[in-house]
Amino acid sequence: MTRKARTTLLIDDAVLVEIKGIARARERTLTEVVSEALAEYAVRQRSQSLPSFTGVGASRGAGKVSEEAEDVLGADIDRREGW
């Protein structure tokens, strides 16, 4: 069984009324509905977040890196000495 923690949330009255209505209609507890909603939100946020390295480097040109990969990769290489 998954360990659960007790917490306190401050929720707008209108939202709380709506969530209670959803719980009643589904014959579930308020806790079950809120837990499910938070779990789904966490999954969506995780899948939408960008990798931490996104945007780290400077790009040369307007999106032509893939078309000019050899030129870009070889630009700083000394043909005799290497890197």
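Residues numbered from 1 in each chain as written. Predicted model: local features only at pLDDT ≥ 70, side-chain atom pairs only at ≥ 80, totals over all residues. Heavy atoms only, no water.

1. Examining the overall build of the protein
1) Next: Scanning the protein for helices and strands turns up three helices and zero strands.
2) Next: For the protein, the α and β elements follow one another from N to C terminus as α-α-α.
3) Next: Counting only residues that meet the buried cut, the protein has 6% of its 83 residues in that class.
4) Next: For the protein, the computed accessible surface area is about 8,100 Å², with 53% contributed by carbon and sulfur atoms. (Helix = DSSP H or I, 4+ residues; strand = E, 2+ residues; numbered from the N terminus. Buried < 20%, exposed > 50% of the residue type's maximum accessible area, 1.4 Å probe, protein only. Areas by Shrake-Rupley, 256 points an atom, 1.4 Å probe, with all protein chains shown as cover.)

2. Considering helix α1 (residues 13–26)
1) Next: If you check α1, its first and last C-alpha atoms are 20 Å apart, about what 14 residues at 1.5 Å a residue would give, namely 20 Å.
2) Next: Directly after α1, the chain includes E27, whose backbone phi takes a positive value near 55°. (Expected span 1.5 Å × (residues − 1).)

3. Considerations on the environment of I19
1) Next: Tracing the sequence through the fold places I19 in helix α1.
2) Next: When the C-alpha atoms of I19 and T31 are compared, they prove to be 9.9 Å apart, with twelve residues separating the residues in sequence.
3) Next: Setting aside its immediate chain neighbours within four residues, I19 contacts L30, V33 and V34. (Contact = heavy atoms within 4.5 Å.)

4. Side note on the pattern of salt bridges
1) Next: If you walk through the whole model with that rule in mind, you get three salt bridges.
2) Next: Measuring nitrogen to oxygen at the nearest pair gives 3.9 Å for the salt bridge that ties R26 to E36. Of the two residues, R26 is situated in helix α1 and E36 in helix α2 (residues 30–48); the sequence distance between them amounts to ten residues.
3) Next: Put simply, E36 and R28 hold a salt bridge, and the shortest N to O gap is 2.5 Å.
4) Next: Relative accessible area serves as the criterion here: at 28%, E36 is assigned to the partly exposed category.
5) Next: Residue R28 is classed as partly exposed on the basis of its relative accessible area, which comes to 32%.
6) Next: One continuous salt-bridge network, built from bridges that share partners, spans R26, R28, E32 and E36. (Salt bridge = Lys/Arg side-chain N within 4 Å of Asp/Glu carboxyl O.)

5. Some thoughts on the confidence of the model for the protein
Atomic detail in the predicted coordinates should be set aside for any region of low pLDDT.
1) Next: Per-residue confidence for the protein gives a mean pLDDT of 80; residues scoring 70 or more make up 59%.
2) Next: Helix α3 (residues 69–74) is the least confidently modelled element of the protein, averaging 66 in pLDDT, while α1 averages 97, the highest of any element. (pLDDT = per-residue confidence, 0-100.)

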